[in-house]
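# Topology and contacts: notes
The lines below spell out each chain.
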Amino acid sequence: MDRVIKIYGKIARLRPSGFWPGFIVGLIYFSYIFRWYWPLYPLTNFGIESNVLSVVFILFMFSLSIAGTALFWGLFSFFILKATKKSSTFWIPLIAAGTFVFAEYAKAWGFGLLWLGNGSLLGPHWTLGNPAYLFVSWPFILRISSVWGIYGIDFLLIWTISIVYLLATGKYTASSRIFLLNLGLIIFIFFITIGLSTKSNEILTPNTIKISLIQTDDPAKFKFSADEVLDNYAKKIRMLKETAGAVDGGIVIFPESSNFSKTLLSFLDNNSAKNYFNRLSDKEFVIIDHNILQDQEGYKSKTLFINSKNGVSGFYDKQLLTPAGEYLPYILKLFFFALRKSVPIGENYELKAGTHSELLNYDNLPIKILVCSDVVSPGISSKNQYGLLVFLQNLSGFKGSKTIESQFLSMLRFRAAENGKYAVLASNFARSYVIDNSGNIVKSTDSSGYQILTADVVPNKERTWYNKLGDLPILLLSLAIFGLGLKNLRNAKQD
Amino acid sequence: MPNKIKIFFGFLAVIALFSVYSVFNSLSGKSAPFAAIGIQNTLPSPDTDADHDGLTNREESYWNTDFQNPDTDGDGFKDGEEVVSGHDPLKPGPNDLLANSANLTEKIQNLVVGGIYSTDLKPDNKNFDSSIGNISAVIVDDFYQSQSFQKPQITLTNNSKENQELYLKNTAQIIKQLLLAPNNNISAKATGDQYIVLLSGLKNNFKDAYRDLAQMSVPNGWQEIHYNLLDIVNRSTVNYESLGSYQTDPYRSYIALEDIKNMDSDIKELIKQVNSRITQNHLNPDDNFYKLLNQLFK
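Residues numbered from 1 in each chain as written. Chains lettered and ligands numbered in written order. Predicted model: local features only at pLDDT ≥ 70, side-chain atom pairs only at ≥ 80, totals over all residues. Heavy atoms only, no water.

## Description of the domain arrangement of chain B
Residues and elements named next belong to chain B. Splitting chain B by domain gives domain 1 (3–39 + 102–146) and domain 2 (155–296). Taken together, the contacts link eight residues of domain 1 with 11 residues of domain 2. Overall, the association of domain 1 and domain 2 removes approximately 780 Å² of surface from exposure, summing both partners, and the carbon and sulfur fraction of that is 64%. Three residues stand out in domain 1 for area buried against domain 2, namely Thr105, Phe143 and Tyr144, and they jointly supply 55% of the buried area on that side. Summed over the shared surface of domain 1 and domain 2, the number is zero salt bridges. The tally of links between domain 1 and domain 2 comes to four residue pairs in polar contact (both at pLDDT 80 or more). Within the residue set of the side of domain 1 that touches domain 2, elements represented by two or more residues are α5 (104–117) and α6 (128–146). Its residues placed into classes, the side of domain 1 that touches domain 2 shows five nonpolar, three polar and no charged. (Domains from an automatic or database assignment. Contact = heavy atoms within 4.5 Å. Buried area = accessible area lost by both parts, 1.4 Å probe. Salt bridge = Lys/Arg side-chain N within 4 Å of Asp/Glu carboxyl O. Polar contact = N/O pair within 3.5 Å; in protein donor to acceptor, adjacent residues only side chain to side chain. Helix = DSSP H or I, 4+ residues; strand = E, 2+ residues; numbered from the N terminus. Nonpolar A, V, L, I, M, F, W, Y, C, P; charged D, E, K, R; others polar.)

In structure tokens form, the structure reads like this:
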């Protein structure tokens with residue numbers, strides 16, 4: 001232990017002082033978070049056939065991601081060390097919490113800047129690795145997120161940890177006024193949050209919608225033989241037929257990259273396709289299907305909303321494209337250029353980000369569609385008023401990695417809790433879920449593979465505080481505290 | 001030497017000199033003596049276009065056409081126009097395509113440039129664009145005529161259920177390839193340029209498919225469908241071959257891409273016909289493709 005403390009002391013003294021402890025902790029933490037990069041190996045499905053190049057490519061992406069995100073933790077620890085030197089002990093935990101919120105918010109922006117490219121959507125979207133997600137199984141944490149969002153949880157977390165640290169180091173005592181004041185504030189905020197979050201839960205519409213999730217197991221492949229395409233498609237056809245009768249006018253949902261409509265139109269002309277959907281059931285129902293389709297602007301990740309009696313009634317083009325998966329960031333183009341390798345081709349590498357409204361209309365009920373990386377952004381989920389969250393994912397590229405599956409699931413549970421909406425997850429190569437408006441898992445498939453998951457969900461038009469205000473309240477609070485930290489920093493420099 | 005003989009040799013010498021001069025003069029394209037006495041030259045320069053048909057006199061000699069007649073075969077098209085558009089200038093149209101199909105991009109280029117040069121096409125004319133469109137359409141039409149499908153002799157068998165089901169089983173693989181063709185043969189490491197060349201490699205698959213289909217025994221009732229299938233496979237061969245020539249003949253590749261799009265509806269129509277015949281004849285072919293069709297059309 002002494003040895004560890006000594007090493008820590010040495011690191012802490014390295015210049016710029018205070019930066020390295022946060023940066024190194026960040027490196028370790030984000031290496032753990034981003035370990036799902038490695039199951040991507042080999043990259044033959046992404047057009048890279050050389051195994052050596054695959055390793056170099058993944059290593060490059062992994063290193064850049066962890067260093068790019070850990071940088072913000074380094075800056076956080078650098079600032080805290082300076083700003084708290086001359087602060088009153090009462091303010092130290094609050095300054096630490098407010099600064100951490102800013103560091104996390106900047107990190108969400110910074111990750112997008114790091115992977116800038118033609119398909120980028122700039123904004124505070126990339127919340128991967130936010131510590132709040134680690135507490136997904138704590139119901140009251142999920143409840144807090146419906147008012148304050150994940151940054152509010154970060155704030156409380158760092159606030160609490162700082163108090164514990166000050167207690168442990170003897171700067172606070174259990175009977176000191178400052179400690180009791182901090183504790184009182186936390187309890188006060190906790191009760192206010194409970195009060196604010198219960199309101200939305202009382203106003204749930206009694207009507208339910210029958211949902212049927214078609215879970216698939218299509219592997220990621222650069223090319224499929226005609227027989228493979230037919231075999232996979234025959235399974236989807238059978239499952240759709242099976243579920244069409246049972247869904248009773250509800251919604252059938254295919255996962256990301258199911259390409260159901262696209263493949264159907266390889267066999268049938270528009271009229272025959274319309275007849276096919278019409279014949280599936282006497283009752284009108286809706287199919288949500290995801291395809292990679294081309295329009296005048298280029299290839300897009302397109303979710304179609306198909307009414308079984310009236311054809312396509314809407315679509316959503318994915319907005320937050322995945323770097324390296326759906327577009328090639330500039331830095332990766334530079335990487336290939338530096339290695340004198342040709343950039344791999346594939347329709348997925350140059351997808352165009354959508355600009356169309358992401359809400360789809362089901363019987364006058366707006367439905368929010370999230371596809372794959374859309375789920376990492378609390379901002380995309382909280383935009384607009386809607387009644388149900390539908391999340392489509394395809395994890396075949398990760399070959400069934402449980403790490404990415406659980407991280408995406410945690411994020412979806414938070415998105416459901418933040419907005420007080422039921423959320424359903426239709427998955428390819430992973431399990432599918434139904435999540436209630438508090439973020440709890442209601443139902444799931446027992447394993448990956450071709451399966452149907454049906455459930456009744458309760459659409460809810462009522463908006464939570466977070467859905468109305470987003471991250472604004474916690475950011476304003478953090479800004480005020482951060483300003484106080486800056487003032488202390490200036491005072492420290494003057495002294 | 002007597003004077004009479006001197007005059008005779010002198011006369012011979014003048015004739016000889018005149019002949020030599022005439023020969024050299026004709027080689028250089030000038031006939032000063034005739035010009036001098038006002039007689040029109042009957043041997044025009046080989047590099048001029050005497051009849052203004054777009055072919056020089058030298059080229060007229062190559063094509064065996066009349067250098068003084070702009071339309072040797074009298075079919076209404078000038079000799080030069082016929083040559084650049086791949087038609088035989090000695091054979092009246094419409095079925096006068098030359099066996100050796102030339103580069104379509106060059107054909108259009110030559111026709112348009114020739115048309116502008118001969119002032120038949122005027123860029124400032126409001127119909128200029130549509131005229132070029134018409135020229136292109138004629139060239140495309142001629143090209144597909146030259147590649148048109150000649151119905152091969154096929155072996156017919158009786159229309160028993162077993163024969164029909166066997167026939168369907170044998171054709172299933174070919175139809176599947178037609179529907180999902182671009183997925184095969186493409187390497188993951190292909191770059192953009194290689195991608196199109198690889199697509200053109202598909203023509204070999206279709207060539208083989210055509211050969212197999214032509215040799216296949218066909219039940220009586222399936223003859224028409226079989227010929228439709230052969231036609232589509234033949235078009236696919238031509239189109240995928242054309243895609244491979246995108247660097248040397250981009251226009252041909254472009255029209256091939258357009259035709260691949262058009263073929264889509266023909267293929268779907270064929271699928272409909274096949275499925276309706278299967279239902280009509282109560283057949284139960286043993287292939288996942290037909291089972292899928294059954295699901296889609298049921």
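Text resumes after the structure shown.
## Considering the sheet that holds strand β10 (residues 433–435) of chain A
Sheets are built from strands that pair by backbone hydrogen bonding, the pairs being arranged parallel or antiparallel. Residues and elements named next belong to chain A. Reading across from one edge, β6-β7-β8-β9-β10-β11 is the order of the six strands in this open sheet, with mixed pairing throughout. The two strands at the open ends of the sheet, each matched to only one other strand, are β6 (359–362) and β11 (441–444). Neighbour-to-neighbour, the strand axes of the sheet open up by a mean angle of 25°, direction not taken into account. Against the sheet, helix α12 (residues 402–419) makes contact with β8 (388–394), β9 (422–428), β10 and β11, and its axis sits at roughly 25° relative to β10, the strand it touches most. (Pairing = 2+ DSSP bridges. Axes fitted to C-alpha atoms, helices over the stretch in contact; angles between N-to-C directions.)

## Digging into α5 of chain B
All names here are of chain B. Taking 1.5 Å per residue, 14 residues should reach 20 Å; α5 reaches 20 Å between its end C-alpha atoms and fits that length. For α5, the capping residue at the N-terminal end is Asn103, with a side-chain oxygen 2.9 Å from the backbone nitrogen of Thr105. One or two residues past the end of α5 sits Thr119, with phi positive at roughly 65°. (Expected span 1.5 Å × (residues − 1).)

## What about the nonpolar core?
Judged by nonpolar contacts, the single largest core of 120 residues is most densely connected at Phe34 and Ile253 of chain A. In terms of residues, this core owes the most to one element, helix α5 (residues 139–168) of chain A, which gives 13 residues. Not counting chain neighbours up to four residues away, the residues in contact with Ile253 of chain A comprise Ile211, Ser212, Leu213, Ile214, Ile288, Val390, Leu392, Val424 and Ala426 of chain A. By size, the runner-up hydrophobic cluster in this structure holds 63 residues, among which are Tyr233 and Ile287 of chain A together with Phe149 and Leu296 of chain B. (Core = buried A, V, L, I, M, F, W, Y, C linked by side-chain atoms within 4.5 Å. Buried < 20%, exposed > 50% of the residue type's maximum accessible area, 1.4 Å probe, protein only.)

## Section: the sheet that holds strand β4 (residues 298–307) of chain A
All names here are of chain A. An order of β5-β4-β3-β2-β1-β12 is seen for the six strands of this open sheet, with the pairing classed as mixed. Only two strands of the sheet have a single partner each, and these edge strands are β5 (311–317) and β12 (451–457). Looking at each pair of strands side by side, their axes are set apart by 30° on average, direction ignored. In this structure, strand β1 (residues 209–215) lies alongside β12, joined through seven bridges in antiparallel fashion.

## Topic: the pattern of salt bridges
All names here are of chain A. Counted under the stated rule, the structure contains 23 salt bridges over all chains. A salt bridge links Asp218 to Lys236; the shortest N-O distance between them is 2.7 Å. Remark: Lys236 occurs in helix α7 (residues 226–246) and Asp218 occurs in the loop between β1 and α7; sequence separation between them is 18 residues. Since its relative accessible area comes to 9%, Asp218 is described here as buried.

## Thoughts on the environment of Ile232 of chain B
Residues and elements named next belong to chain B. Structurally, Ile232 is set in helix α9 (residues 223–244). Using a relative accessible area of 5% as the deciding quantity, one classes Ile232 as buried. With 28 residues separating them in the primary sequence, Ile232 and Ile260 have C-alpha atoms 10.0 Å apart. For Ile232, the contacting residues outside a window of four places in its chain are Leu178, Met263, Asp266, Ile267 and Leu270.

## As for the pairing of β8 of chain A
All names here are of chain A. Of all the seven residues making up β8, seven are buried; the element is thus mostly covered by neighbouring parts of the structure. Judged by which residues are buried, β8 turns out to be covered on both faces: Leu388, Val390, Leu392 and Asn394 on one side and Leu389, Phe391 and Gln393 on the other are all buried. The sheet contact formed by strand β7 (residues 365–371) and β8 spans five bridges and is parallel. Bridging across to β8, Ile367 finds its partner in Leu388. Between β8 and its parallel partner β9, the chain crosses via α12, and the hand of that crossover is right-handed. (Right-handed = clockwise from strand over helix to strand, strands pointing away.)

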